[in-house]
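Now for the letters of each chain:
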Amino acid sequence: MSEMKIVNKFDNFFDNLFNFIGRNKIIFLILFIAIIAGSFVQIFRQNFVNDISVMLPDSPELKRSLNFINSSDMSDTIAFSLTFKPDSNKNLLSKTDEFSNKLKKLDLINTVTTGIEDLDITTLKKDIATLLPLLLGKDDYHLFENTEDEEGISRQVKQMFIMLTTPGSSFLQTSIGTDPFSWSNHILNKLQVLSKSMGFNVELENNHFIDKTHQHTLVIAKTSVRVTDAENSEALLLSIDKIINLFPDLNIITICGHKHTLSNQKVVKKDIYITTIIITISFILLMLFTFRTFDALTIFILPFFAIILSVFISSFILKSLSFFMVGFAAVIAGISVDYGIHLFTAYKTNGYTRFKKTIKPVLIASLSTMGVFVSFFVSSVQGYKELAVFSILSIIICVILSILFLPHFWIKKKFISKVQVPSELSLNKSKLVLIAWGIILFLSIICMTNSDFLKATDISAFDGSEQKVFDAESQFYSIWGGEKKPGVIITQGDDIETAWKAYESITKELETDIKGFNSLAILLPSISQQQQNLNDFKNFWSLNKIESLKEKFLKETARYGFKKNVFDNFFLLLEADSINATAQIPDVLKIFKKHFVKEDKPVQLFSYFSDTKENLLKVESTVKDYPDSYVVSRRELSSQIGKQLILDLKKISIFAFCWVFVLIILLLKKPSHILLSLLPVVTSISFVFLVLNLLSMEVSAIILITLIIILGLSLDYGVFISSAEPGKELNSVIVATTFSMLTSLMGAGALLFASHPVMFSIGTTIVSGVIAAYLSAVFCIPAFKKVLK
Amino acid sequence: MRYKKFKILFIMLICILFIPVNRIYCADVDSVLNEIEQNMKNVNTVQAEFIQTKKMAMFDMPVTITGKLYIENPDKFSWMVIEPIEYTLIITDDIVKKWDPSSGVNKMSLKKNPMFKAMIEQITFWFSGSYASCKKDYHIKLINNESIVLKFIPKEHNQASQMLSNITLFFQKNKQYISKIQLLEKNNDLTEILFTDTKINSEIEKSVWEMN
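Residues numbered from 1 in each chain as written. Chains lettered and ligands numbered in written order. Predicted model: local features only at pLDDT ≥ 70, side-chain atom pairs only at ≥ 80, totals over all residues.

Some remarks on the environment of A:His673
So the rule is basically this: Every helix listed is a DSSP run of H or I at least four residues long, and every strand listed is a run of E at least two residues long, numbered separately from the N terminus.
Looking at where A:His673 falls in the secondary structure, it is placed in helix H26 (residues 671-694). With 49 residues separating them along the chain, A:His673 and A:Ser722 place their C-alpha atoms 5.6 Å apart.

Quick notes on the sheet that holds strand E4 (residues 87-92) of chain B
Residues and elements named next belong to chain B. Convention followed: When DSSP finds at least two bridges between two strands, those strands are taken to pair. Fitting a line to C-alpha atoms yields each axis, with helices limited to the stretch in contact; the angle taken between N-to-C directions then spans 0 to 180 degrees.
Sheet architecture is open: 11 strands sit in the order E6-E5-E4-E3-E2-E1-E11-E10-E9-E8-E7, paired in antiparallel fashion. Taken across any chain shown, the strands that pair with only one partner, and hence form the sheet edges, are strand E6 (104-109) and strand E7 (138-144). With direction set aside, neighbouring strand axes in the sheet form an average angle of 15°. Pairing of strand E5 (residues 95-100) with E6, which is carried by 6 bridges, proceeds in the antiparallel orientation. Among the inter-strand pairings, Val 96 is bridged to a residue of E6, identified as Met 108.

Digging into the pairing of strand E8 (residues 149-154) of chain B
All names here are of chain B. Where we set the bar: Here a residue counts as buried when 20 or more other C-beta atoms fall within 10 Å of its C-beta, as exposed when 12 or fewer do, and as partly exposed in between; the C-beta atoms come from the backbone.
Burial along E8 is one-sided: the face carrying Leu 150, Phe 152 and Pro 154 is buried and the face carrying Val 149, Lys 151 and Ile 153 is not. Alignment of E7 against E8, held across 6 bridges, turns out to be antiparallel. Considered in E8, the bridge of Tyr 138 is made with Pro 154. From the end of E7 to the start of E8, which pair antiparallel, there are 4 residues. In the sheet, E8 pairs with strand E9 (residues 164-171) via 4 bridges, with the strands oriented antiparallel.

Examining the confidence of the model for chain B
Residue and element names in this part refer to chain B. Counted only if it meets this: Values of pLDDT, which run from 0 to 100, indicate the predictor's confidence residue by residue. Working definition of a contact: two residues with C-beta atoms, positioned from the backbone, lying within 7 Å.
With 80% of its residues at a pLDDT of at least 70, chain B reaches an overall mean of 77. Long-range and interchain partners of residues 9-27, a stretch whose pLDDT sits below 50, account for 1 contact in this model, where long-range means more than four residues apart. Predicted as a complex, the structure gets a pTM of 0.63 and an ipTM equal to 0.78.

Here we look at the nonpolar core
Rules: Note on terminology: a nonpolar core is any set of buried Ala, Val, Leu, Ile, Met, Phe, Trp, Tyr and Cys residues joined through C-beta atoms within 7 Å.
Counting residues in hydrophobic clusters, the biggest one holds 118 residues, and the most contacted among them are A:Ile710, A:Leu711, A:Ile721 and A:Ile762. Per-element accounting of this core gives the leading share, 19 residues, to helix H15 (residues 329-374) of chain A. Judged by nonpolar contacts, the second largest core, of 45 residues, contains B:Leu33, B:Met58, B:Leu69 and B:Trp79.

Focus on unusual backbone geometry
The omega torsion of the bond from B:Glu83 to B:Pro84 falls at 0°, within 30 degrees of zero and hence cis. With respect to the helices and strands, B:Pro84 occurs in the loop between strand E3 (76-83) and E4. A positive phi angle, close to 55°, is found at A:Ala576, a residue other than glycine. A residue is classified by how many C-beta atoms lie within 10 Å of it, and A:Ala576, with 18 of them, is partly exposed. Of note, the phi angle at B:Asn201 is positive, near 55°, even though the residue is not glycine. Structurally, B:Asn201 can be placed in the segment after strand E11 (190-200).

Notes on the packing of helix H27 (residues 701-722) of chain A against helix H29 (residues 757-788) of chain A
Residue and element names in this part refer to chain A. For clarity, the threshold we go by: Angles below 35 degrees are treated as roughly parallel, those above 145 as roughly antiparallel, those between 65 and 115 as roughly perpendicular, and all remaining angles as oblique. Crossings are assigned a handedness: left-handed for a near helix turned anticlockwise from the far helix by less than a right angle, right-handed for a clockwise turn.
Contact pair H27 / H29: the axes reach a minimum separation of 9 Å and the direction vectors enclose 25°. By the angle between their directions, the pair H27 and H29 is classed as roughly parallel. For the element pair H27 and H29, the recorded crossing hand is right-handed. On H29, the residues that touch Ile 702, Ile 703, Thr 706, Leu 707, Ile 710, Leu 713, Ser 714, Tyr 717, Gly 718, Ile 721 and Ser 722 of H27 are Val 758, Ser 761, Ile 762, Thr 765, Ile 766, Gly 769, Val 770, Ala 773, Tyr 774, Ala 777, Val 778 and Ile 781.

Concerning helix H24 (residues 613-623) of chain A
Residue and element names in this part refer to chain A. In plain terms, the rule: Throughout, the arc means that of the directions going from the helix axis to the C-beta atoms.
Within H24, the full set of buried residues consists of Asn 615, Leu 616, Val 619 and Val 623. The arc that holds the buried residues of H24, viewed along the axis, is 100°, so those residues lie on one side. Along H24, exposed side chains directed more than 90 degrees from the buried face belong to Lys 613, Glu 614, Leu 617 and Ser 621. Here the buried face of H24 lies against strand E9 (487-493), helix H19 (496-510), strand E12 (603-609), strand E13 (629-632) and helix H25 (634-668).

Okay, structure coming up:
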């Protein structure tokens, strides 16, 4: 009794409100137009971002890795590979210098490197020789073996003579007086390993980076422009292109993250343009050829206005709006137009009474769809939250306007023609429908269970850059390598000396175990270790030992005609009285510093390793014992993202299913209605996997998240059709569902013309899901009702 | 006053005389470099005996060594020293092989040995004949036009300038190959390599590139 009262009270309130808006519809229309105009202005001023990080889970570890990548060499680097065109035959190195000098003049370029400019191997060898007591540890004392017997000394002096009489050996003279036994070569060989930290396979010619064929040179520029800053990226690449055009005889390949940003943006913009045109034309055609009345235009235009209004409101709620969200606009338009279609069809079929009766399923359907989007809030992915805010707002606006505002502009004229509805199928035909449905469902479930969900963690699926960007990169990597970026261990500390202790320990643990391990600590011990090395060196080279060596050595050198005083510095070095461990990185080795040290707060020291699964496991097990160190690797990042995304999807799915179940149990009540309304949900979700399999498409995070939207859409069809009484009501509902399906298909189908992989996969998922949901709702629900009767 | 006028006239005369001479001289260097480069391009193999004399601050007396040199373009080089001690250095591709009676054979990769690589680049460049390409890094002077003598002085930006004062190359009368190299270092060390009995484009025995 009390329930009836509430319903009556609500009915009265609704009637009053509906009539009030109807009486003042012109005022409301003017107000509506003014708000839309204001929203347009705000949208044009809005800066949309194309930052992949909005699509990634929000975890401190991920954020740390992404921050490192964003602020490291990996993101601010622009690499150029230069070579002459076939007919040119000039000096490539001088052209490279010319090109680099032009680049240096650009405001957005900070530094340009064409090689190791300060590397003077003669000076380096001489300077390293003076540091030997600090750099050589006890493990290196096998180098001193030649000094212990006369035969060894004789052999070494002979080698010295040979070296000095070989042509081109003049630069050896500067270091031979300090290091006649060439102990510094041991350190120089370690420097070779360090030079690999650049990540490219380079050789040096006249201090320039050249490839192994000596046909290409490498120029590396650093920019202050962030990869995600599309506006400045465009300015940067335009000015680079102008410089490249000044060198018509050179083939220059440019690779950088900024190219991906711009290319993605270009592709997305083009896709939005194409899909908008397709949707607009399709909606107008649908309106003219099916409804055959101009007042239907209101229900097709409404979602666009709703989207404009929701972008406007979202711009106040959200910090930034991403292109990803706008990419979903067409889908949201397809979903939210459904409510208008159902209400419009009801209104046209049986006027205000049927219209009012349809409000309940519209509310159930919209609440269930919104519930799906509400579930996105449990995700840690910022992009999903943005999408949820945007979609919920669009649906609320669409539903409110469809119920209260639009009907006042509809002409009260019946238009619905007779449609052959499946409820009229015979029992045998119904059984056939169910058998066909069973077979398809079975195949779909097999495809779903066989899908590789781990592939959903591949973040490269978000990159929709044009083919020419990828082609340039593969060409570049075929010359210079470096496609596989190394993993990095970051060791932090308040100052360089503090951080170096952990850095050195990690290096000692991993240096021999890991192929391609690279760290400055391979060469440079910590200050305390340097001091220890110095003490050990002094202890080893006692005065007696030095005197004994001096006697034997000078006797031998005299045989070849060497002057006596040539080796004075060597014997002073052995005494090591004037040597002190003062600087962690001596001046002579500072050329390598930029690859290994970031003097920020805290100081960061970098070690590099080949980013393989095996190495990553070893590195992680070592680094876990060092609280101030962490690992950044693409493999690690991918695995972290994967774990987080799967966790997120689980949370979203559980929340969405709970919401949907609670809602349909509360509102539909009858178990048969509940089960039948879920039929399109099960069918559509599994059918998507069958289609993905047929199209050889991998499951991506985007596809999984779109499936959750399919859940909401297909439930709408199930709710409307399962709760309609057979006959005229079911006929009207099926017509409305058909239009709703068509509009959803138009919204999502337009995305099938998109070039961006994200948008294309959204389109494929929704089109296949919606078709399956529609067919199962329209044919299978009535068939089940018939068979089970 | 008369003296001043005379001085101006004299300077003008010098300038007038000097400018064309200088142009002719530059043109001569370029044409000589081109001619040598063309000649040396046709050289596939070289065999010669050499006498190298080094006057170095490190040694009490000049050091003289004698031996044989073999070059097979593009990437084979052999330096066989016979006196006063016996040793051989062979470079094939990126591999350097060293031999002497007491140490035996030692092999090393140039890629893994930057010191040796720098040294080998020094050696092979002067025997290559591609001198026109080094104009960016060296001032090149034609010392003698009849029997060609070229002096290469490293420019300031060239790292070689830190060690080297100049390199003088003496060519055979037919301009086909080098007859003598003279290398003066910053510390006044002087190296002179004199080539005799030079054979151009004669077949070199395979055993020269092998070490047992």
